[in-house]
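In case you want the letters, here they are:
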Amino acid sequence: FSYRITTTVACNMDLSKYPMDTQTCRLQLESWGYDENDVIFTWLRGNESVHGIEKLRLSQYTVERYYTLVSKTQQETGSYPRLILQFELRRNVLYFILETYVPSTLLVMLSWVSFWITLDSVPARTCIGVTTVLSMTTLMIGSRSSLSKTNCFIKAIDVYLGICFSFIFGALVEYAVAHYSSSQKCAAKTPQEGRSNELTKDMEEVNIAHILTSYRRKISFTSIEISSDDVNCSDLTMKTHEKIKRVLRNKMHKIIGYFSIQNPSNVDHYSKLLFPLFFMLANVFYWAYYLYF
């Protein structure tokens, strides 16, 4: 008996390591109407019974190995023979490296260019940050559209794109923090300069008053009279409240000073070293986990 079947079959895949995944698929042939008392299925030459897989070329996969199995299915009406062809498919990752991994890595490196631009160049640094964020978002949407039916899975490529997006967004936030701290520092300098000018003027007046008083030989305290009626206790209590407020205000300024950035230019200096270092460490852990575990 000879019978030719043309069919389209599906394979359940675990895409958690996509595109560095290896899938195991099964092609099963089983008798439906006749049990093993009527018909017996067997592979006459084992793995050599299957032809054409060695020359098979797929767009995304490479057939690693295949082997044949013979099984039986036990049903209420009897035992039915089954032939199984099991083969392993390894996805070709080179396409995804050139299509997704390399562009996303270059976008991360492009976001680091802003660290070498001065803080005063607001349009340049903002343009680089926003452009890289939008480009990374477009790349993430394009990678998801290639597998529209598997968006519920968190794939390996999604993890890498998420890491790249975090670094790009972090570079944009870094400039916002550095620029804000520099603007706050410049704003704090201007009142201090005004206060210093006022202090110099007060010192000059004090010096003049001291010179004038030095010519006085006698100071009479008899004309000074203090009456208890002129003393207001509310003024004293108000002064104590003001002192407490001033002490609390000084403590708050000290606490804020611990978390404030004293030199905003150091933010870019440290970012030039920390961002590439952490990105390299993230790549080491990423590729080691998805390739060897």
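As the structure is a computational prediction, the values presented were derived from the model and not from experiment.

Definitions and limits used
Residues numbered from 1 in each chain as written. Predicted model: local features only at pLDDT ≥ 70, side-chain atom pairs only at ≥ 80, totals over all residues. Heavy atoms only, no water. Phe/Tyr/Trp six-rings, centres within 6.5 Å; stacked < 30°, edge-to-face > 60°. Helix = DSSP H or I, 4+ residues; strand = E, 2+ residues; numbered from the N terminus. Buried < 20%, exposed > 50% of the residue type's maximum accessible area, 1.4 Å probe, protein only. Axes fitted to C-alpha atoms, helices over the stretch in contact; angles between N-to-C directions. Parallel < 35°, antiparallel > 145°, perpendicular 65-115°, else oblique. Left-handed = near helix turned anticlockwise from the far one by under 90°. Contact = heavy atoms within 4.5 Å. Nonpolar A, V, L, I, M, F, W, Y, C, P; charged D, E, K, R; others polar. pLDDT = per-residue confidence, 0-100. 1 Å grid on protein atoms, 1.4 Å probe; cavity = no way out; pocket = protein on both sides within 12 Å on 5 of 7 lines; lining within 4 Å. Points joined across faces, edges and corners; volume = space filled by probe spheres on them.

## Describing the packing of aromatic side chains
Each aromatic ring pair is characterised by the separation of its centres together with the angle its planes make. Throughout the structure, instances matching the rule amount to 16 aromatic pairs. Ring centres of Y101 and Y286 lie 6.4 Å apart, and the angle between their planes is 50°; this geometry places the pair in the tilted category. Here Y101, found in helix α1 (residues 94–111), pairs with Y286, found in helix α5 (residues 265–292); they are 185 residues apart in sequence, far enough to count as distant. Take Y101 and Y286: they sit in the same class, and that class is buried. Taken together, a centroid distance of 4.9 Å and an interplanar angle of 50° make the contact between Y286 and Y290 tilted. A residue pair is termed a helical-turn pair when its members lie 3 or 4 positions apart in one helix, as Y286 and Y290 do in helix α5 at four residues. Y286 gets classed as buried once you look at its relative accessible area, which sits at 3%. In this structure Y290 comes out as buried when scored by relative accessible area, which is 12%.

## Section: the packing of α1 against helix α2 (residues 122–145)
Two quantities define a packed helix pair, namely the angle between the helix axes and the distance between the axes. α2 packs onto α1 with a crossing angle of 165° between their chain directions and a minimal axis gap of 9 Å. In this view, α1 runs roughly antiparallel relative to α2, as classed from their interaxial angle. For the pair α1 and α2, the crossing hand works out as left-handed. For the pair formed by α1 and α2, the contact residues are E99, T100, P103, S104, L107, L110 and S111 on the first element and I128, T132, S135, M136 and L139 on the second. For the contact of α1 with α2, a count of residues per class yields six nonpolar, five polar and one charged.

## Looking at the confidence of the model for the protein
With 77% of its residues at a pLDDT of 70 or more, the protein shows a mean pLDDT of 81. Put simply, helix α4 (residues 233–259) is where the protein has its lowest mean pLDDT, 65, and α1 is where it has its highest, 95. With pLDDT under 50 throughout, residues 217–224 is counted as low confidence; its partners more than four residues away or in other chains account for zero contacts.

## Thoughts on empty space enclosed by the protein
Sizing a probe to match a water molecule and rolling it over the atoms shows the empty space that remains. What the rule picks out here adds up to one cavity of 30 Å³ or more. Put simply, the largest cavity is a space of about 60 Å³. S111, S114, R125, I128, G129, T132, I168, A171, L172 and Y175 are the residues that line the largest cavity. Counting residues per element, the ones that place at least two in the lining of the largest cavity are α2 and α3 (156–214). A breakdown of the residues in the lining of the largest cavity according to their chemical character gives five nonpolar, four polar and one charged.

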